[in-house]
Each structure stands twice: as structure tokens, then as C-alpha cells.
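# Understanding the architecture of this molecule
Now for the letters of each chain:
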Amino acid sequence: MATVSTRRKMRSACLMYMLVAGVLFSSFLSLSSAAAPCTSDEMCQSLYSSSASFCLPDKQTCSNPFQQGCLKKMNVSRYVDRLRICNSNDDLANATKLSDEENSTFSALCTVSEFPYLEIRIHQGDWESSYFLAWIYQIVLMELVGVPATVGLTTEMTKVTDFYSPENELQFSPFPYSPEGLIKSNQVASCNEVEEECVHVLPEVWDGQYDIYQKLLEDGEIDRPLSNGMLDQTSLYVPLFTARNHPSLTSFLGYQGEDNRALLAELFKRPTTWQDYCETVSENNCTIPNDIASGYPGTETERGQYFVQDGYSGHFEATLTSNCSQVDDCAGYIVGPPCDLTTNLNAQLYWNNITGLRRDGPVSPDGAYSTTSMKEIWLAANATKSDVIMWWYSVNEIQQLFEYTESEFQQVLLPKPTALCLAHRTSNQDRCNADAVIRRGDERGACDDEPQALQKVIAASLVDSNNGLDEADRSPGYEVAMNLKINSFDMSQIIRRWVTKGIDQNGNDAREAVCEWVVENLETLENYVPPGFPREVFERDGTEWYTIFAQVVAVLTAVATLAAIALVSRYSRTKVMVFAQPLFLFLVLSGFLLISFAAFVMVVQPTDFLCIFVEWLVVLGYSIALVPVLVKTAAINRLTNSSKKTQRVRLSPQTLFSRVVVAVVIVLACLIFWTYQDPPSAVYAQELSKDDPKLVTRDLECESQSIVWTAVQLSWEVVLLLMAAVLAFQSRRAASVVNDSRSLGIMVYSHVVFVGIRGCLVFLDETNAVKGSIVVALFSFNYSLDALLALLVYVYPKIYLAYIEPGNYFSGIGGTSTRFKASASTRRMTSSKRASSNDASRLDSISERPKLEDKGELKILLCTGNLGNAEPTTESLMAWVPPDGSCKKVTPLVGTKPLTGKFDLIVIGMQESTWKPSSDVLKDSVRSVTNDDGDDISESDILRAMEAHDTATLRQMVRDILGEDYAEVAEESRGQMRLHVWAAESVIDDIDEIKISGANTGVGNVLANKGGIVITLDYKNTQLSFLSAHLAAHEGQSYYNHRCRNIRSIFKEAKTSVLSSKLDISMSSDHVFVMGDLNFRTNFGTDGEHEDHVNRALQMIEDKDYAKLYSYDELHKGIDAGDLLVGFETLPCLFPPTFKVEREPGYSYKRQRTPSYTDRILFNSLPSLEAQLKPLAYEPCEDFATSDHKPIRGAFSIIPNSNVRPYAVENETTLVFRNFACMDLPAADSNGLADPYIMIMWEKDALEEVNINFTAKLRKFFLGTTRWPRTSYQPKTLNPEWKGEDIVIRTKNGDVAPGTKLFLVLVDYDALSKDDYMCTTRLDLSELMKMRHDEREKRIPIYRHLQRHGRNSGRIKFHVDVRRENMQRRKSFFYRPSHFPVEASQYDLSDGSFKSYSEATL
């Protein structure tokens, strides 16, 4: 009895424990896959009982304690001192080398692999057994055999799904399988190179995918599928309590026919989401909590869930279709999986006459549920004790969770599977067909699902990864992936461990369960490690005797060469040296010196730089040494052939230098091209030890990808030497007493011998017949001996003769001297640097005309349009760009006077402005540069022919429309985007400093299908910037966020400031205009379907209620929210939306997209200059008929800064910036903090710093430059203060022009790298200096937002004390004393304008 009682107690305890685990696991399902929350490191270390876990500051969750490795974390004796191998997700700053492990303190997380193994990507699938098996593969690969591996579907996903991921989460793949990922892995060298799906191994594949993977096998994309060791089975299940209450429901017979319809309809009600329950079932919309729902769901995720612990216990609704008293075909509801899983449910229900069940889930085409939703439904059925019938599989966590409970899975038996049935199963494609008849398939395939031997699939790229590799470099990855297996019982054990731990179901429990199983089965897993692995490395350190000997010989050669140079210089006036010519000897010796340096450098430990350096030294050395020899030998040969054998050869310095310079320039060009195209780099050459198959001996050698360059180098030397050798042989009969032809010949012949030896060494190196280190030492010997022998044969004999006959030689009585005076003729070259492509002549001709009278303001027309990749008609362009630039063609804003005259600047931005020309057009463009009359073809003719047809066509069409009074002063094309600036002849002379920039924001920020173009120009001391952009398309919050990122990227990259690369155009320019297809949409929120949104917008358009429609515009709401373009203004769009329309005049909208104001114009000015810019017009061009966008245009007038009298102060003015403090700065360092300092910059040399420090004075004295004044940096803070630090600057002259900008730039200090830009604010210097006539000083407290690429990024406050001595002020044009009362002025946060505050308010 005691034993029975004890067993009952144990069973009860087990049941209770499983129920608790169920609650915990349901929490996991209903919330997310995030790791355990935390507030401190101690909390994590206590929770996991591990000092290796920390609280992640950015997520406030506990980090993964297994980051250093499973076996190390579990203190396995053989592995406790070994870190795992690093993969691509690891920060190598936290890594150590394998050879350093013995001396490591193990603060590192991983060890960098010493071998070039392919990193293996394993897909985790969207179910537990596949996920855990992927982790086991990763542990075995990275900890037992040393092969890097990642787990996940994409590069971004692996950062979270890896077993070693710091975030410690459990995130399933969005797809169960990925045939596309297998194909992609065969197309790229490494999955890390792409963001798309890319995998090498699918660890668990069911038989239902057979047809897909058979096709991949036939196409050579995968290896033959192999068993992964597990068996599994899918079937229909009901809870145990349902089976007990209705035993007949454990067999398909209890479901067949009309007799069972009412029972099934009564029992199996429809699962209801939390949101549907509140909105359709709850009488009070869940405003009052009850036993089912604690309230209305708070997040979008919760709204679609069927069970949320402590929030929603679930509900099963009896619908009208399940009411048999009201409908004849009543039915209950069955919960089935998506069709892409291995399921035969549709055939089983239909052909077994189970008419009383229907599928009504949210997943098309057959009313399925996601696997996550299916788990939630079973939990809801358990919580509410509701009957449910569900398709499921056997080896999984939820089955383990409910073992020994009333909700235990009870299988529903279907007809027994037979060979005939299995042969007539519905194919994978047909299961997902939209036609229900095709989905249900053949009647003979309606039997129960058979137990399946699960398989694994390996990509062909992994099979072939060792092809062409040396034995020492071969990876064991494929062999491990092919052989590793685990049975279903072991997988069930892992899952049981996971669901019963109850500490952190969302992440760490799963990792710990897998790791514990690995440790317990380590000996079995080690059997899967191939012989000879993991490899161990022995690196040669360059202390071999032959290496040291080669270094000694190279040093001796260099010393001998330097001594020769010194001695030649000493005896340069002796007879033998005069006959040999010291300049010739110095050039030859310089070449030998470079060769000796190369001989020494090549036997030291190589680096990438040294590898390139050696090649440059060798090639330049031989060129400098041999070209003079070739020139002199050729001269001797000329003397020999002209019977002047007794004349001394004298080479003029000009001849010698010119030949050497030409040769060196050619060689340098080749070297630069070589270095760019195929630079030699330091790579490891490895070979297996014959005594120990695990030991790899490694040498670091210099190698290029191709042997072509080595062949070219040797060929160059051979050509020089052969030419010199032939000439030396031909001149052998010359009088050696005056021409030393014999010694020259011997030196040339010795060089030929050494070049032949080097050719043999190249052959030995390529065939690996000799160890690499020995070959390198032999090369060094070759170079050293080559130079040394040449010295002994040619140079030192002359030095000896000069030594024994040291007297100076004169070439005549009393001596003669000859001076070679270099004469040079200079040629004046003129070039025209212009910003436009083909309009230089037009611009020049206009600039020569007399300048018209100044009108006082600049009238600008901005035109922007998406051309829809179609050539526009002339009529369409004329509806957009006004003919002759006439202002009368543009409708003014309401309340604005009619526009007259012509526009001064017309800026045209175009998107999708390319199209494919017809073949006739291409033929015409070729014919256009063919001149049958023999006339000269102009440069502009050639340029036009080289241009794309659409570029030339658009330019010509706009030129024809605007007429002769306009010229294109700037033009830029980037992909399908264009930006053109046309100027009237009256303003061209005042335009200068044109700068063009741009940025791509297409795929990978590389493609130019999206991005922006910036043109900045100066007009009368006013800097204007025009940005034409094409941002990411489509509707939805994610695309809105993408567009915001696009515009910030453009501001970051497309800069035109000459003052500093830190300033974007919104800061550096006086007035900025942003236009283009910005793609911001009409956003009615998430209520309703797309068709409802379209109808709603069309109704507003029909009612001409544009103001209401504009209120739903994303762009102006985003600006108001601070998401982008802070400080920019956009005029309201009180006209029909410009997108998406039919390609015809007028507005006829396509229903695929919600009508939206995608084409926009925005503007921004320095706050003190806002009054100088005035909008005049803003309208669409409805008669533009060739695009699915209607282009828009906007007119503005600007008063240039030069037309405003500067603010003048006769005496010196000092500005003291003090009491700096910043708040909420953006993080700039990996620790989430920054080390900020403030730097002040200004324009136009208006100011200078006072009291600069000693270091700055030295810089100014020696370099002529000074740094911008700055504060000290404040370490590790986002809210720094600089108490007691002042920056003092003063005016250098009396006039301060309007718009003279002063920039306060926040920079993050980095000790070991370039400082990082953080954010900026700008001030108008003239506004700071304005005072009343009786003021001598004032204090301005300033409190402003900081901006970064068009977005607010923190705040700054400080004081500016302005002091003047003997002030005499002249009023500026805009000066008004009432603007500046006695109280101090302060910048307001909202718009940056000055507002009055008392000094005490600071």
C-alpha cells in the first residue's frame, strides 16, 4: 500500500508540475519570444545561476550565458579551457586567436578560426525539433570540429536565432522550409554576403516535400537527402476529456455521415481571437473584465491571439453555421495547418465522408491556422475545457506539456495507410491550389498519415566546398552534416527538459535543455567528428636558419650598396668616374639599393602592405638599375656601328633622366593598376604533418590571385636584359678603356642568369615542390646576390681604380666644364569647368551679354515630376514647364498678386526619367556624328552622341520650351533621377560656386533607382540648395519608416558644404528646397480594407474636400511629429492628389493605390532669413498626360543677402560662449553613451578665436592653420555639462552680412579612430550682434534643439555674452529696435526664431 500511495503521490506531483509548466509555456506563446526581463546583472546571474549572463542595457533582458560555448559553460573537463569558434555574428574585438588560447584569460567570447572553412548556415524551421536539431549541429560544428556555423534563414535573423546569440531569444523561422535558400547558397561564395534567404542545411524535412526536393536534386542544387535519425507522425487529435466523454470520436467512424453532423457541430465550436471576442461576443466590448478577458487587447499582436496568459483564456463560439436547428448543412470546426506543411487533411475529411467538420481559419486557401495559433487554440481549449479537434505531429513541446493531464493529445484513427494510398497522395503544389477539388485530390489517398523517417537536405555548395582545396584546408563541415543523427526518443527528451524547466521558456531554457543533452551524449557526438579533426596549427615564426641567413646577406648587400654610393660620390672627379659618369652610377646604385631592401623585407613576417611594398621595390629597383644600363649600352652600340669605337660615351643628364623617368612612369602606372586589380596579400600556406594528422604547419606568404602579374614582372626584366645583352654583345669590340663595355656586358649577363633562376623558383613555388618559406629565402638570396655580384663586377672595380688614381680629371688643358641648362617651354592650357553637361557655349555666349538691371529679388520656379519611364510629349512638358519661362503661365497662391515677367531660375527634378529608345532613334543618334561633307565634328556633337537618348531629348525639349533667354547652368543624372537648373540671362553672371552631390538609397544603398541629387549654388551672397529625391514606395508603416530613413541617408551622404563634411545642406545653406516623388501616402489608418480607403479618398476628391484629404497626408504629419525634415515647411495641397492616375489629361485614378500627394515641394530657411523667402505658387499640372503621376510646380521669390545692408560695427566685438549643457544626445559608442565635445565653426572668415592655447599657436605658426575652437570632451554621458569652460571669439571686421552662420557641432571623441559626428545647431551671427544704440553689452541665453540629418537629436543650452567697446553702429536694412528690447533674447525650440525672455528666466 505504501508503494502504491507513494506512486500516486509522485504521479500527482508530476501532474501538478506539468500544469505549472503549461502555464509558463502558455505565457511564452501568448507574449513573445523575448528573453527574461531584467534590471541588473545580478538578477540575470541569479536567475540562470551563472556569472556569464548580464542584463543587456538596450533591451533590458538577460544575455545568453552560453556565448562562450555550451561545453565550456557546462565545465566539461576536456573543453573547459577551450572557447568555441567565432562566426560572422561575433564581434572580433571580443575574440582571441586559437594560438593565444593558452595565455588567454578567457574574457573573449570565441576563437577566430585559423582555417578558411566555409561558414555553414543551418535553417531552424518553424517547429521545435528542427530548431533544436539545428542548434545541435551548430554546437558540434563550432565546438567539436572548429567549423563556423550560424542558425537562421537570413543574415539578419542569425543574429537572434544562433545558439550563441547574446539576445538569448527563441525565434522561429517565418517559413518551415527554404528551397530558395538552398539555391541561393549555391549562387554566392558565402551566405553572409546576401540579405536574402540562404541556407546550406535543412536539418528536418518531411516526406510531403518530396517532389520539391526531388526537383532540386535533379537540378544539381542539393545532395541526396539523408535520414536525420528521427521518426515522426502527423494525425488528428482531440483532448483526452473529449475522448472520454465521446469514445466514438477516437475513430473516423464516429465522424462520418449525416448522423454525426449535429454532434460535431455542437462539440467543436469556432475558436475566437481576443479582438473578435471583445467586438462580437462581449456585451461591453471588454471594458469590464471577466473570467475570459481582462480587458481589450493592448497590442496588435494580442488582438490576433487565441490565448494570452492572465489576459485572455480563450473562447469557442457557436456560430450560425454550427446551429443545426437553423441550417441544414451545419458543421463543427476543425483546426488545420497551412498547406505548405505535410498535411493530407483536405483529402482525409472529404473522402472519408466527414461532412460535419469545416475549416474556417484565417490562412488561405483552405482556412488554415498558423502553427503558433494552433498551439494557442489547444491552450485555450485546455483553459476553458472546450472540445477541439486539431491536426498535429507527435514530437513537439505541446504534446510533452500536456502528458498525464486531461488535455493530453488523443489520436483520432483514420483508415490504415497502404502503399496504394501513399502512391495517390496529393502533391505539394496541389495541396495549396485555390481549387478545392484539386486540393482534396484522389479518393485513394485519404488514409491516415504514416510514420515518417525524417530527412535532412544539404546544399550542393556545401558538398563542393572542399573542391580545389589542399588537404590542410579541407573542411569537415559536410562530413559532419552528412553523418550526424539523433533519434526521436532523444529529441523528446530535449523537448521534455525544455518545457519542464519553467525558468525562462522564452530563450535560455531551450538552450540549456539542448546543451545538457549534448553534454550527456558527448561521447556519441564525438564519434561524428572525422579523423584528423579538429586541426591544430604550428606557425613558423621566421627563426629558421635559412631565413636569418637571407636577412644577413640582404643587409650586407644594402651596406655594400650604400658604401658604393658614398665612394662614388667621394671619387666623382677622378678619371674613371668621369668616364663612367657618376649620375649613371648613382641611378644604377639606387636601383640596387631598392633591390637589397626588397631582399630583406621579403624574409620578415609578411603583411598585406609589405607584400605590395616588396613588389614595388623589386620592379622599381630593376627598372631604375637596368634602364640606364640599356640606354648606355645602346649608346655604345651606336658608337660601335658608326666606327667611333675609341670615343667615350657621354650621356647628357636630360637624356638619361628622360629615359629613366619615362620607364619609371610606365612601371608606376602598371604597379598602380596591379595593386588596384590584384594586389598581393599575406596568406597562409598550410600542409598536414606526416607524423600527426591533426597538426597543420603554416607559413605566411605573399600571393596574388593570378600568376599573370608575376609573369609580367619577370617578362619586363627579361625584355630589358635581353635588349641590353644583345646590345652588349654587339658592342663587345668597343674600346673598353673608354667605354667599359666589357664590364657592362658581364653585369648584364649575370642579371640574365639570375632572372632565369627566379623563373625556376616561380615554378617550384607554383608546384609546391619546396616549402614556401624556403622558396622565399631563395628569392631573397637571388635578389641579394644579383645586386652584390653586379657591384663586384661593375662598380667596385671602378672604385678601386679611383682609389689608386685619386687625382681629379680634366678633359682638356686648363679643364673644361659643361653645364646643361634645362630649357622648358610652357604651353598655356584653358579649360572650362562647368556644371552643365552640353551647354557651355550657350552659357558663355549669354555671360558675354550686358547685364540687365538688378530687380532686387530672385524668382524661382521649382518643377518636379515622376515621368513614369515614358518619353513625355512636347504638349505635356509645356503644361509643366512654362514656355519662355513666363510667370503668367503659373497660377498664384490665393491672396497673392498675379505673377508677371519671367522666372530667373527654373529648377527641374525628374524621377523615373529614362526610357528605351526605338531602333530608329539609335540609328539617328549614330548618324548625327557622321559628317558626310567632311566638316569638323564639334566636341558637343560627340558628347551628344555619347549621351543616353533620353538625356539629350529631355534637355533639347526643355531648351526649346524655354527659348534663347535661358541656359542650363547645372545638370546631374543618377540612375533614373535627374536634376536640371536653368537660369535666365539676367542672373547668370551672379551665379557661382556650383556644387553637385548625391546619394543612392536603393537596394543596399547602392542602386540608384531611389535616392537624391543635390545642387548648391551661390547667388549674390546667398547659398541656395536644391534636393530632388525619389524615396521608397508603397503604403504601410514599414514603408513610411523606410522613406524617413531614405531622406536621412540622403542628408547624410549628399553634402555640398566646403566648410566641413559634418554639415548637411539643411545646416549649411541659407535656403533649401526639397522636392521630388517623396512617395508619402494618404494614410487612413488600419481601419477598413484597401478598397475602402480608395473609395474614401475618391469621395473627398469628388467633393473637392482637399483640405480634409490633406489632413491624412503622411508627410506633413511626419514633419510635425519630428520624424523627418525638421524645420522644413510644405504648403498645403489644396488640389487633387497627383498619384496614381491614368496616362491621360485630367485626373482619372487607378484603384491599385490610394490617391496620394506623393509629389511634393518643401522649403527651409535660416530663421533670420525666413522673411526673405516668399511662396508665390503651388499647383499640379493636370494636362501632363504621359505618366501615372501628375507633376507639380512651385514658385518662390527670394531677396538675396547682398541686397540687404550688412550689420556694421566699427569697433571690435567679442562673443563669449559659456555654461554649455546638452540633454538627450544620441548614443555614439557601443556602450550606448558618448564622449561629446562642442566645436564652433563659422563662415566667410568673419570671426577669430581669442586666447588660443600654445599648441594652436604652434600649429598656426608652422602649418598656417588653426583648429576650430572647441571644449574638452565629457566621457561616457548623453547629458554633458561644461561648467567653467568658455569659448571666446571676436569679429575681425566691421561688416557682418545677413545670414552669416555660426555652427555649434557636437562631436564624439574617439581615442583610436576618427571622431564621430553627432549633431548640429546653427545661429545667425548678425542676429547675435544686434543691439540698441545705447547698449555696450548683453547676455543671450540660448536653448535649442540639435539636429542630425533633418531630425531632432538632443538639446543644447548656453549663454552668449556680447561686448563692444566705443560702439558706433549703422542700422541694417532689416534692423528694428523694437525687435530687441532690454530683456535678453532666446531661441525658441519650436522654430528657432528669437523671442523675448527676461534674463532671470534662464
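Please refer to the structure placed before this passage.
The structure contained in this document is the topic of the report that follows. Please read all numbers here as calculations on a predicted model, not as lab measurements.

### A look at the pattern of salt bridges
Using the criterion set out here, one finds 35 salt bridges in the structure. As a salt-bridge pair, Arg 261 and Glu 258 come within 2.7 Å of each other at their nearest N and O atoms. Look at the salt bridges and you will find they share partners, linking Arg 497, Lys 501, Glu 516 and Glu 520 into a network.

### Quick word on the packing of helix H23 (residues 545–570) against helix H25 (residues 582–601)
At their nearest, the axes of H23 and H25 sit 9 Å apart, and the two run at 165° to each other. Looking at the two axes, H23 sits roughly antiparallel to H25. Crossing geometry of H23 relative to H25 is assigned as left-handed. On H25, the residues touching Gln 551, Ala 554, Val 555, Thr 557, Ala 558, Thr 561, Leu 562, Ala 564, Ile 565, Val 568 and Ser 569 of H23 are Pro 582, Leu 585, Phe 586, Leu 589, Phe 592, Leu 593, Ser 596, Phe 597, Ala 599 and Phe 600. Grouping the amino acids of the contact of H23 with H25 by side-chain chemistry returns 16 nonpolar, five polar and no charged.

### Looking at helix H7 (residues 210–218)
Residues of H7 that are buried include every one of Ile 212, Tyr 213 and Leu 216, and no others. Along the axis of H7, the buried positions cluster into a sector of 85°, meaning they face one direction only. Residues of H7 that are exposed and point over 90 degrees away from its buried face: Tyr 210 and Glu 218. Count one or two residues on from H7 and you reach Gly 220, which has phi positive near 75°.

### Describing the state of the cysteines
On inspection of all chains with the given rule, the structure shows nine disulfides. Here Cys 38 is linked by a disulfide to Cys 55, with a sulfur-sulfur distance of 2.1 Å. Disulfide Cys 38 to Cys 55: torsion about the S-S bond roughly 90°, handedness right-handed. Of this pair, Cys 38 sits in the loop between helix H1 (2–30) and helix H2 (41–48) while Cys 55 sits in strand S1 (residues 55–56), placing them 17 residues apart in sequence.

### Notes on a nonpolar patch on the surface
A cluster of nonpolar residues, Tyr 800, Leu 801, Tyr 803 and Ile 804, forms a patch on the protein surface that exposes about 450 Å² of accessible area. Along the chain, the position of Tyr 800 falls in helix H31 (residues 772–804). A relative accessible area of 53% places Tyr 800 in the exposed class.

### Quick word on the packing of aromatic side chains
On inspection of all chains with the given rule, the structure shows 37 aromatic pairs. Here Phe 163 and Tyr 164 contribute two aromatic rings whose centre-to-centre distance is 5.2 Å and whose plane-to-plane angle is 85°, an arrangement assigned as edge-to-face. For the pair Phe 163 and Tyr 164, a shared accessibility class is recorded, and that class is buried. When the ring of Trp 378 is compared with that of Phe 409, the centres are 3.9 Å apart and the planes differ by 10°; the resulting orientation is stacked. One end of the pair, Trp 378, is in helix H13 (residues 371–384); the other, Phe 409, is in strand S15 (residues 409–412), with 31 residues separating them in the sequence. Classification of Trp 378 as buried rests on a relative accessible area of 0%. An aromatic cluster of three or more residues is present, and its members are Phe 66, Tyr 131, Phe 132, Trp 135, Phe 163, Tyr 164, Phe 172 and Trp 498. Here the basic side chain of Arg 84 rests over the ring of Tyr 164, its NZ or CZ set 4.4 Å away from the ring centre.

Quick notes on the rules
Residues numbered from 1 in each chain as written. Predicted model: local features only at pLDDT ≥ 70, side-chain atom pairs only at ≥ 80, totals over all residues. Heavy atoms only, no water. Salt bridge = Lys/Arg side-chain N within 4 Å of Asp/Glu carboxyl O. Axes fitted to C-alpha atoms, helices over the stretch in contact; angles between N-to-C directions. Helix = DSSP H or I, 4+ residues; strand = E, 2+ residues; numbered from the N terminus. Parallel < 35°, antiparallel > 145°, perpendicular 65-115°, else oblique. Left-handed = near helix turned anticlockwise from the far one by under 90°. Contact = heavy atoms within 4.5 Å. Nonpolar A, V, L, I, M, F, W, Y, C, P; charged D, E, K, R; others polar. Buried < 20%, exposed > 50% of the residue type's maximum accessible area, 1.4 Å probe, protein only. Arc of directions from axis to C-beta. Disulfide = S-S within 2.5 Å. Patch = residues over 30% accessible without salt bridge, like charges linked within 9 Å, V, L, I, M, F, W, Y side chains within 5 Å. Areas by Shrake-Rupley, 256 points an atom, 1.4 Å probe, with all protein chains shown as cover. Phe/Tyr/Trp six-rings, centres within 6.5 Å; stacked < 30°, edge-to-face > 60°. Lys NZ or Arg CZ within 6 Å of the ring centre and 35° of its normal.

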